Amino acid sequence: MSSKVLPILFVSLCLTVGSIWSQGSSHDNFILQYLERRLAQMEERLNICEQNTVGITQKTYDLSSEIRGYLSTLSVLRSETKSQVDSVSVRVDRVERELEYLENKIPSQSNIEMEEALLEQQIKAAELDQLQKKARIKIERDCNTALSQIKSLKIVKKTGDAYGCWFKDPSEGSAKVYLLSGIRNSTLLEYASLHSFTERITTLPAKVLKLPFHWQGTGHVVYNGFLYYHKADTPNQILKVDLLNGTVVDSTLLPGAGRLPVYSLNPNTYLDLAVDELGLWVIHADPEYGGNLIITKLDKGSLAVEYTWDTQCRSRDAEGAFLICGALYVVYNTRYGGRSTVQCLFDIHDTIHSDESPVMFFPKRYTSHSSIHYHPGEKQLYAWDDGYQTIYKVETQRNDQVTVE
């Protein structure tokens, strides 16, 4: 009996275990499916969260950049405002000081009347002194002549740069010729005579003189063995150099000069020195006088200013000028080059006037002069014409014989 019961119990046990196993397996599958669904939902939410984080990060970066731009603008505005405030503060302080100064310095009515009377006397004395100087210039050496014609042209040589100047020492008995090539240098060439200058092969080559300072422009002269020139890198300093030993013996600063090229067609020349029958002159342009030309008489020994004249001759379209017996003749041209003409003159003696004098033409040569120097003894103009050294013969006549065309 026992042998029959054991198999039945075994079978029953197997059925019970299989039932329990089948129930456990179904439950695990349900849990796994539930976990998978939850994981998928969490993954989806994490993706959404990541996308939101990226968007927020970009917006934060854009906002930060915008704020940095605003801060930079505010910094600039702050600096400008501080600068303006500082400037206003300085001006206010200056005004306060000036008001305080004026309060302390304003004289009484009686003092004002005395000062006005003294000032009037000083003005009259200065005017009288200038008239005496002007009369003395006229008395010292009477010049009753005026330019009537530029007669002939002679091309002497072609050497050096397109710009330059050449001339002779107008002192009596001097035959030396001097040449300064270019618009800035420190070398002066000295020739024994015009013949030695023109000869290709000469036994007397040019003497090379090294100057103590560079010169600027083309408005230089030699007078009585001294070179007068505009010192480079200075607006209005004139040097006087002894050519025997190459040393500077004197210098001066010409008041009001050097702010404007003396001739608009020669923009590198600010001071143009000249010599005529009356002595040493300097020509310059004054921007406060409409750019018109100013002529100043200098003492050749001390370089002291003897007298200054304002002229009505404009510097615009001018290429050069020269003086004959105290009369300024201004040469005009075009910036493209052409035939030079004398169209304006100013006479310090008031004996001839620009509107009474005919326009004078230079002999035909369609270029432009970079310098023109008058030799009073020879009655000739030494000109630099685009690298050509040329000489013009001029004719003069008495002022009362000048005809009007």
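Note that the coordinates shown come from a computational prediction; the quantities given were computed from them, not determined experimentally. (Residues numbered from 1 in each chain as written. Predicted model: local features only at pLDDT ≥ 70, side-chain atom pairs only at ≥ 80, totals over all residues. Heavy atoms only, no water.)

1. Some points on the packing of aromatic side chains
Enumeration according to the criterion identifies 7 aromatic pairs in this entry. Centre to centre, the rings of Trp281 and Trp309 are 5.7 Å apart; their planes meet at 45 degrees, and the pair counts as tilted. Of the two residues, Trp281 sits in strand β11 (residues 279–286) while Trp309 sits in strand β13 (residues 305–314), which places them 28 residues apart along the sequence. Like Trp281, the residue Trp309 is buried in the burial classification. Taken together, the ring pairs connect Trp166, Tyr191, Phe197 and Tyr382 into an aromatic cluster. One residue, Lys231, lies across the ring of Phe213, its end atom 4.1 Å from the ring centre. (Phe/Tyr/Trp six-rings, centres within 6.5 Å; stacked < 30°, edge-to-face > 60°. Helix = DSSP H or I, 4+ residues; strand = E, 2+ residues; numbered from the N terminus. Buried < 20%, exposed > 50% of the residue type's maximum accessible area, 1.4 Å probe, protein only. Lys NZ or Arg CZ within 6 Å of the ring centre and 35° of its normal.)

2. Overview of the sheet that holds strand β18 (residues 369–375)
Spatially, 4 strands are ordered β1-β20-β19-β18 in an open sheet, and the strand pairing comes out antiparallel. Whereas interior strands pair on both sides, the edge strands pair on one side only; in this sheet they are β1 (145–158) and β18. Across the sheet, the mean angle from the axis of one strand to that of its neighbour is 20 degrees, orientation sign disregarded. The sheet contact formed by β18 and strand β19 (residues 380–385) spans 6 bridges and is antiparallel. The partner of His369 across the bridge, within β19, is Asp385. (Pairing = 2+ DSSP bridges. Axes fitted to C-alpha atoms, helices over the stretch in contact; angles between N-to-C directions.)

3. Topic: unusual backbone geometry
If you check the backbone angles, Leu303 has positive phi at about 65 degrees while not being a glycine. For Leu303, the position within the fold is in the loop between β12 (292–298) and β13. Under the relative-accessibility criterion, Leu303 is labelled buried at 1%. For Asp317, which is not glycine, the phi torsion reads 65 degrees and is therefore positive. Structurally, the position occupied by Asp317 is in the loop between β13 and β14 (318–324). Owing to a relative accessible area of 29%, Asp317 belongs among the partly exposed residues under this scheme.

4. Some remarks on the state of the cysteines
A full pass over the atoms with the stated rule returns 1 disulfide. With a sulfur-sulfur separation of 2.1 Å, Cys313 is cross-linked through a disulfide to Cys344. Between Cys313 and Cys344, the disulfide has an S-S torsion of -85 degrees and is therefore left-handed. On the criterion of sequence distance, the pair formed by Cys313 in strand β13 and Cys344 in strand β16 (residues 341–347) is long-range, its members being 31 residues apart. We classify Cys344 as buried; its relative accessible area is 9%. (Disulfide = S-S within 2.5 Å.)

5. Details of the nonpolar core
Phe322 and Tyr329 are the most contacted members of the largest nonpolar core, which has 42 residues in total. In terms of residues, this core owes the most to one element, strand β15 (residues 327–332), which gives 6 residues. Ignoring sequence-local partners within four residues, the contact set of Phe322 consists of Leu147, Ala327, Leu328, Tyr329, Val331, Phe362, Ile372, Tyr374 and Leu381. (Core = buried A, V, L, I, M, F, W, Y, C linked by side-chain atoms within 4.5 Å. Contact = heavy atoms within 4.5 Å.)

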